[in-house]
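# Working through the structure, step by step
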Number of protein chains: 2
Amino acid sequence: MPETPEASAVRFAPLPSPFRLRKGGWLQQAQVAYECWGELNADRSNAILLFTGLSPSAHARSSAENPEPGWWEKMIGPGLALDTDRWFVMCVNSLGSCFGSTGPASINPATGRPYRLSFPELSVEDIARAGYEAARSLGIEKLDTVMGPSLGGMVAVAFAAVAPGGARRLVSISGSPGALPFAISLRSLQREAIVSDPAWQSGNYLDPLHGPQSGMRIARKLGTITYRSAEEWRLRFGRNSLTPTGRRAVAQAMKRSPEGFGPRFDVESYLEAQAERFVRVFDPNCYLYLSRALDGFDLRDHGEPVEVMKRAGLESALVIGVESDLLFTIREQAEIAAMLEQAGVPTRFARLPCIEGHDAFLVDLPRFDAAIRSFLNS
Amino acid sequence: MPETPEASAVRFAPLPSPFRLRKGGWLQQAQVAYECWGELNADRSNAILLFTGLSPSAHARSSAENPEPGWWEKMIGPGLALDTDRWFVMCVNSLGSCFGSTGPASINPATGRPYRLSFPELSVEDIARAGYEAARSLGIEKLDTVMGPSLGGMVAVAFAAVAPGGARRLVSISGSPGALPFAISLRSLQREAIVSDPAWQSGNYLDPLHGPQSGMRIARKLGTITYRSAEEWRLRFGRNSLTPTGRRAVAQAMKRSPEGFGPRFDVESYLEAQAERFVRVFDPNCYLYLSRALDGFDLRDHGEPVEVMKRAGLESALVIGVESDLLFTIREQAEIAAMLEQAGVPTRFARLPCIEGHDAFLVDLPRFDAAIRSFLNS
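This structure is a prediction, so every number in the text was calculated from the model and none was measured.

Criteria and thresholds
Residues numbered from 1 in each chain as written. Chains lettered and ligands numbered in written order. Predicted model: local features only at pLDDT ≥ 70, side-chain atom pairs only at ≥ 80, totals over all residues. Contact = placed C-beta atoms within 7 Å. Helix = DSSP H or I, 4+ residues; strand = E, 2+ residues; numbered from the N terminus. Nonpolar A, V, L, I, M, F, W, Y, C, P; charged D, E, K, R; others polar. Least-squares fit on C-alpha atoms with pLDDT ≥ 70 in both. Buried ≥ 20, exposed ≤ 12 C-beta atoms within 10 Å, placed from the backbone. Arc of directions from axis to C-beta. Domains from an automatic or database assignment. Core = buried A, V, L, I, M, F, W, Y, C linked by C-beta atoms within 7 Å. Pairing = 2+ DSSP bridges. Axes fitted to C-alpha atoms, helices over the stretch in contact; angles between N-to-C directions.

### A short note on the interface of chain B and chain A
- Chain B puts 38 residues into the contact, and the matching count from chain A is 38 residues.
- Of all the elements in the fold, those that place two or more residues in the side of chain B that touches chain A are helix H3 (181-195), helix H4 (213-227), helix H5 (230-236), helix H7 (266-281) and helix H8 (284-296) of chain B.
- The biggest single contributor to the side of chain B that touches chain A is H3(B), with 11 residues.
- Residues belonging to the side of chain B that touches chain A are distributed by class as follows: 22 nonpolar, eight polar and eight charged.

Dropping the structure here:
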C-alpha cells in the first residue's frame, strides 16, 4: 500500500494486532513503514534502528529504487558515518505519521474511513515499540544501536525504557528525557494555530490541501524559527530586503497582498518556502498527534531515570547536544548523559558548539559525522 | 477625549498639524497621550522622557488620579530609581498605539471614521518625534534623559538620530540599532496570525472584541514565549500539569474542548491568561502597525551610526542588555554601546545575567534599579 512518492523503496512491517497504545487505546492491522540500506549479517547483529524527527519520512537516504536524496543523505552510505558496508541501517516512519505508517490519516479497517480524531492518543513510547516491532519483523531481536535526532532522540531514550535488552548501544541526538515548558509552550501554540483555523473542521478536512493550511503554515514557520538560532540567521539573512518582484512573488504564494503587511525581508521568503513545502505533504491531524506526544513524554513515568537506564541493558551510549539549541536545550542533553553514566553505562557526551540550533544535525554534518562515526567504530 | 480606564491621569499633547511621517504619509490634528510624575523645575532641565515597549500605555506608575499600579510602578517614584523628588518623569503612549495617542483605531478627522488601514505607514522615528513634541508642548526643548525598554529602547536610539540636541543623556534598555532576522521572523509570524484570521476582515472589524481574537491570541502567546527564557520557565513551571478542573477552565476560556488538544500543562494556562488580558484591550491594527515599524527600523538609514551618534549631542549614555534575551540580543546591546563609545559619548554598558530574557526589565527590578539609579545620579 504505497502512499508516498518514494514508496518504491518503502517496506511495511505489520504490527501485532491489536497493537495496544500506552494511553489505553489500540490499533488493528497497523503497520510501520521503513526503508533500509546495507546488508543484515547472518546473526542479525549489525542493525542500526534510526528514528526520525517530527516531520520526515523513512527516506533517510537515496537508493536504487528511489534516487531522491534522503533527509540524512550524507550520513548514511558506504564509508559514511553510518557505514552501510558494515551496518544494516533501518529508518522507520513514526507510528502516527503520514508517510506509510499507520496514523490519524490512515484508513481505520473497522470503518473503512480515515481515523482522524478517532485515532487513539499516541505516545513517544508507542513510536519506540512500533519501531522495535519493525526490526523484529526482520528477525532482529537485539539491535546493535538504536538512535535518532530530535523527536527521534526522545524515542531512542523511550526505547531504552520500554524495550530493555532491545539494543546494545544508544545514540541520542538533541533529544530529551522529558519535555520542558518552553518547548511545550511553543508546540502548544503550533497546535492552537492549527485547531483555531476554521478549515481544520475538528479534524474532518478532506485532505491536507483542503485542510487548515493557514494554521499549518504558522505552525511550520514557528517550527522553522525555533529549529535555528538568531546568530545563524543574522549571518545568513541580515536585514536583506526582498526586491519588489520578490515581494510580489512571496505575497502571491501566501495569498496575501504584496503591500501592507506582506513580506519585505529575505527571511520571510525563506520561511514561506519552508512552510509551503510542508503544508503540501504533511497531514495536520498527524502533526497534532505527534506534537502532543512530544509534550507528554517524561522518562520519570517509568521510574527513577537512573534505575530505568540500569534495566535497559545498554553496553554504551553517545549523547549529542548543541549549545545553541533553543528547543531541546543542552541542559537536557547533559541530563541524559548524566543518568546514563550514573546507571553505569559508559557514555560519551558530545557538546557541540554549532550555531545552527536544533537543526544542526541536518546542517553541521562534519561535527555530527565525527562524533557518530567514532562512537559506532569504537 | 479619554479613551482608556486610566484616562483620568492621562494628558494629551497636540502634534503639529499636519504631522508628516517618515515613510511619506501625514496626520491631521494628531495627539500623543502621556502621564507624568514629579515636578518640572523652573528652567525645565530635569525631565526624563520615557518610551514604552510595544504594548503598554503611558501609565507607567500610579498617581492620585489613577491609583492602579503602572507597568514600571516600582521604578518610578519618590526615592526610586527614577526619583520623582528630583526628576520630572514623562511617559508617552507611542504614536500608532491605542491608549490615547493617535493610531489606526483613532477617528480620522477628515472622514469622521476610524483610520484602520488608511493610517499612514508608521516608523520608529515617528514615535520618537511625536514623543519629543509632547515634551516640547510643555516647553521642554532639551530633556535631561530620553529612555525606554524594548521598542522604547529602539525609539530612544531613534530619538538621538532625529532630534539631535534634544536630550543630554540616553538610556537604551534591551533595544536595538536595527531589527535582526530572528526577531523579524517572529514578528512577521505574529502579523501573519492576525491577518490570516478571517475575523480581521482586512482591518475592518468593528472593535477588538469582534476582531481577530484567535490571531491576536496566537500573536500575544508567541510574544510572551519569546519575551522570557527556557531556563526561567523550567524553574517556574517545570512539567506541572493542570488539574482536570484547571484543564476545563482554561479550555473554556480558549473556547476549546478540554479533551483532545486542549491545555494540559500549567504553562499553557499562564499563556492563556496573558493572551486573554491582551486581546481584550489591544487593537489589532495598532499591533500590526507597531510590529511592522519595529522590523523597519535601521539606524543606518540615518548615515554611518557612529557619525549619527556624534551629531546627537549626548553627554553620556547607559546601555542595558540581558544575556538571556532571545529577541533583542546582547550582541545588539553591545553594538549600541560600542557606537556610542566610538562617537565619543561616555557610555556605561550594563550586561545583566538575568534569566528572565527580554522581559527582565519588568521582573528583575533590583538589577535594573541599581544600573539606572547609579547612572541618573552620576
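### Things to note about the relation of the copies chain B and chain A
- Take chain B, turn it by 180°, move it 0.0 Å along the axis, and it overlays chain A with an RMSD of 0.0 Å. Look at the turn and shift together and you get a two-fold axis relating the two.

### Comments concerning helix H5 (residues 230-237) of chain A
- Turning to H5(A), its buried residues are A:Ala230, A:Glu232 and A:Trp233. Considered in projection along H5(A), the buried side chains sweep an arc of 155° and stay on one side of the axis.
- Contact partners of the buried residues in H5(A): helix H7 (266-281) of chain A together with H3 of chain B.
- Immediately downstream of H5(A), the backbone of A:Gly238 shows phi near 50°, a positive value.

### Overview of the domain arrangement of chain A
Residues and elements named next belong to chain A.
- What the domain assignment lists for chain A is domain 1 (5-178 + 298-376) and domain 2 (183-287).
- On a C-alpha basis, the centroid separation for the pair domain 1 and domain 2 is 27 Å.
- Tallying the contact residues gives 18 residues for domain 1 and 15 residues for domain 2.

### Looking at the nonpolar core
- Among the nonpolar cores identified, the biggest contains 261 residues, and A:Val89, A:Met90, B:Val89 and B:Met90 are the most heavily contacted of them.
- If near-sequence neighbours (up to four positions away) are discounted, A:Val89 is found in contact with A:Cys36, A:Trp37, A:Gly38, A:Ile48, A:Leu50, A:Ile76, A:Leu82 and A:Thr84.

### Looking at the environment of A:Leu290
Residue and element names in this part refer to chain A.
- Among the secondary structure elements, Leu-290 is positioned in helix H8 (residues 284-296).
- Once the C-alpha coordinates of Leu-290 and Gly-96 are considered, the two residues, 194 residues apart in sequence, prove to be 6.5 Å apart.
- With residues near it in sequence (within four places) discarded, Leu-290 still touches Leu-54, Ser-94, Gly-96, Ser-97 and Leu-122.

### Structural notes on unusual backbone geometry
Residues and elements named next belong to chain A.
- Backbone torsion omega between Ser-17 and Pro-18 reads 0°, so that peptide bond is classified as cis.
- One non-glycine residue, Ser-174, lies in positive phi territory at about 45°.
- Mapped onto the elements, Ser-174 comes out in the loop between strand S12 (167-173) and helix H3 (181-195).
- Judged by C-beta crowding, with 31 C-beta atoms within 10 Å, Ser-174 ranks as buried.

### Considerations on the pairing of strand S5 (residues 47-50) of chain A
All names here are of chain A.
- By the alternation rule, side chains of S5 split into Ala-47 and Leu-49 and Ile-48 and Leu-50, which are all buried.
- Where S5 meets strand S8 (residues 88-92), four bridges bridge the pair, whose relative direction is parallel. If you follow Leu-49 over to S8, its bridge partner there is Met-90.
- Bridge analysis of S5 against strand S11 (residues 143-149) gives three bridges, and the strand direction is parallel. Its bridge partner lying in S11, Leu-49 is registered against Val-146.

### Description of the sheet that holds S12(A)
Residue and element names in this part refer to chain A.
- Strand order in the open sheet formed by eight strands is S1-S4-S8-S5-S11-S12-S13-S14, and the pairing between neighbours is mixed. A strand with exactly one partner marks an edge of an open sheet, and here the two such strands are strand S1 (11-14) and strand S14 (347-352). Each strand axis lies, on average, 20° off the axis of its neighbour in the sheet, ignoring direction.
- Summarising the sheet, strand S4 (residues 31-37) and S8 pair through four bridges and their orientation is antiparallel. Within the sheet, the bridge partner assigned to Trp-37 lies in S8 and is Val-89.
- Packed on one face of the sheet, helix H1 (residues 124-136) meets S1, S4, S5, S8 and S11 and runs near 60° to S4.
- Taken strand by strand, helix H12 (residues 365-376) contacts S11, S12, strand S13 (316-322) and S14, and its axis lies near 175° from that of S13.

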